[in-house]
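Observations on the three-dimensional arrangement
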Amino acid sequence: MNPRTKVRLHVTEGTTVLRRSGLGNIICVLVDLSEDGCQCHTSLSGFDDALAQAWRSILAEGQTVSLEVSDPPELRGL
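Rules behind the numbers
- Residues numbered from 1 in each chain as written.
- Predicted model: local features only at pLDDT ≥ 70, side-chain atom pairs only at ≥ 80, totals over all residues.
- Heavy atoms only, no water.
- Helix = DSSP H or I, 4+ residues; strand = E, 2+ residues; numbered from the N terminus.
- Buried < 20%, exposed > 50% of the residue type's maximum accessible area, 1.4 Å probe, protein only.
- Contact = heavy atoms within 4.5 Å.
- Salt bridge = Lys/Arg side-chain N within 4 Å of Asp/Glu carboxyl O.
- pLDDT = per-residue confidence, 0-100.
- Pairing = 2+ DSSP bridges.
- Axes fitted to C-alpha atoms, helices over the stretch in contact; angles between N-to-C directions.

1. Notes on the side chain of Asp-32
Here Asp-32 shows up in strand 2 (residues 26–34). Judged by relative accessible area, which is 3%, Asp-32 ranks as buried. Setting aside its immediate chain neighbours within four residues, Asp-32 contacts Arg-8, Leu-9, His-10, Val-11, Cys-38 and Gln-39.

2. Remarks on the pattern of salt bridges
This model, assessed by the stated rule, comprises one salt bridge. With a closest N to O distance of 2.4 Å, Arg-19 and Glu-68 form a salt bridge. One end of the pair, Arg-19, is in strand 1 (residues 8–19); the other, Glu-68, is in strand 4 (residues 66–71), with 49 residues separating them in the sequence. Here Glu-68 falls in the partly exposed class, since its relative accessible area comes to 36%.

3. Some details on the environment of Arg-8
Mapping Arg-8 onto the fold places it in strand 1. On the accessibility criterion, Arg-8 (44% relative accessible area) is partly exposed. Between the C-alpha atoms of Arg-8 and Ser-34, which are 26 residues apart in sequence, the distance is 4.5 Å.

4. So, the confidence of the model for the protein
Averaged over every residue, the pLDDT of the protein is 82; residues scoring 70 or more account for 90%. Looking over the protein, one finds the lowest element-wise mean pLDDT in strand 4, namely 82, and the highest in helix 1 (residues 49–60), namely 90.

5. Here we look at the sheet that holds strand 3 (residues 37–41)
The strand order across the open sheet built from four strands is 3-2-1-4, with neighbouring strands paired in antiparallel fashion. Two strands close off the open sheet at either side, each with one partner strand: strand 3 and strand 4. Direction aside, neighbouring strands of the sheet carry axes that sit 45° apart on average.

6. Focus: the environment of Leu-44
Tracing the chain through its elements places Leu-44 in the loop between strand 3 and helix 1. With a relative accessible area of 13%, Leu-44 lands in the buried category. For the pair Leu-44 and Ile-26, spaced 18 residues apart in sequence, the C-alpha separation works out to 8.1 Å. Look past the residues within four positions of Leu-44 in its chain and what remains in contact with it is Ile-26, Ala-52, Trp-55 and Arg-56.

Set out below in structure tokens:
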């Protein structure tokens, strides 16, 4: 067993941007980060219905999206 496969970094005050080709970017609050993914909180209320539904579908299915971590500073460029 690889001892680092379950490493999860809990982040306070993290900010991220989710990116997906063809869709607008979403600014999120980063909660935690691990080898297998991350947990972010956001609101889609500012998007039109079609765009919000497209993002809900992508995120519900667990598809891969680009994630840019902007805060905390020590995680930039990760």
